[in-house]
Amino acid sequence: MKVLNATMHAQNLDQFSKFGIEFVDNAHPMGFLVDPDHGFDRVQAEAKSVIAHALNNEAEALLLGGLTSATVALADEARKHGLGLIEAITLRTRDENGRFVFQMAGVRTIVPPQS
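The structure contained in this document is the topic of the report that follows. Here the structure is a predicted model, which means the values were calculated and not measured. (Residues numbered from 1 in each chain as written. Predicted model: local features only at pLDDT ≥ 70, side-chain atom pairs only at ≥ 80, totals over all residues. Heavy atoms only, no water.)

With respect to the helices and strands, N5 occurs in strand β1 (residues 2–5). In contact with N5, not counting residues within four places along its chain, are A10, Q11, F23, A27, H28, P29, M30, G31 and L63. (Helix = DSSP H or I, 4+ residues; strand = E, 2+ residues; numbered from the N terminus. Contact = heavy atoms within 4.5 Å.)

Next up, the structure:
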């Protein structure tokens, strides 16, 4: 499945390829932050820009993750265009210093792409 990285973080291409995921745009993170002083309309405008990028790059789905408002806006706009939604399943353990260590365990399809 061709996926746009709609998170704010770089992704490990090899880890995702094991689950049949091929990133468009070299997995460049397309997630975004919107100043809290701006309303949800600004969040929706940013989401529309990300969706346009996904469509221009022939993505079939978005990898979601991040702020709730951005995720909701991206999911809403993606469904209007038939894009699927996926999320990474990440195990979190702690190292000897108590810091989180993230380990990719899988990919969950939230909503499959519409044909």
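All right, on to the packing of aromatic side chains then. One pass over the full model with this rule turns up 2 aromatic pairs. Where F16 meets F23, the ring centres are 5.0 Å apart and the plane angle is 75 degrees; that geometry is what we call edge-to-face. The exposure classification of F16 matches that of F23, with both residues buried. The cationic tip of R94 hangs over the ring face of F100; the distance from NZ or CZ to the ring centre is 3.9 Å. (Phe/Tyr/Trp six-rings, centres within 6.5 Å; stacked < 30°, edge-to-face > 60°. Buried < 20%, exposed > 50% of the residue type's maximum accessible area, 1.4 Å probe, protein only. Lys NZ or Arg CZ within 6 Å of the ring centre and 35° of its normal.)

Inspection of the entire model under this criterion finds 1 cavity of 30 Å³ or more. Looking at the largest cavity, its volume works out to about 50 Å³. Lining of the largest cavity is provided by A6, T7, M8, G31, F32, G65, G66, L67, A70, T71 and L74. Counted by class, the lining of the largest cavity contains 6 nonpolar, 5 polar and no charged residues. (1 Å grid on protein atoms, 1.4 Å probe; cavity = no way out; pocket = protein on both sides within 12 Å on 5 of 7 lines; lining within 4 Å. Points joined across faces, edges and corners; volume = space filled by probe spheres on them. Nonpolar A, V, L, I, M, F, W, Y, C, P; charged D, E, K, R; others polar.)

In the sheet, strand β3 (residues 61–63) pairs with strand β4 (residues 84–94) via 3 bridges, with the strands oriented parallel. Bridge pairing links L62 to L85 in β4. Relative to strand β5 (residues 100–111), β4 runs antiparallel, the two sharing 10 bridges. Along β5, the bridge assignment pairs E87 with R108. Linking two consecutive strands that pair antiparallel, namely β4 and β5, is a turn of 5 residues; a positive phi of about 85 degrees is found at G98 within it. (Pairing = 2+ DSSP bridges.)

Looking now at the environment of L55. Note that L55 resides in helix α2 (residues 40–56). A residue is classified by how much of its surface remains accessible, and L55, at 36% relative accessible area, is partly exposed. The sequence separation of L55 and L83 amounts to 28 residues, and the corresponding C-alpha distance is 8.6 Å. Residues within four places of L55 in sequence aside, it is in contact with H81 and L83.

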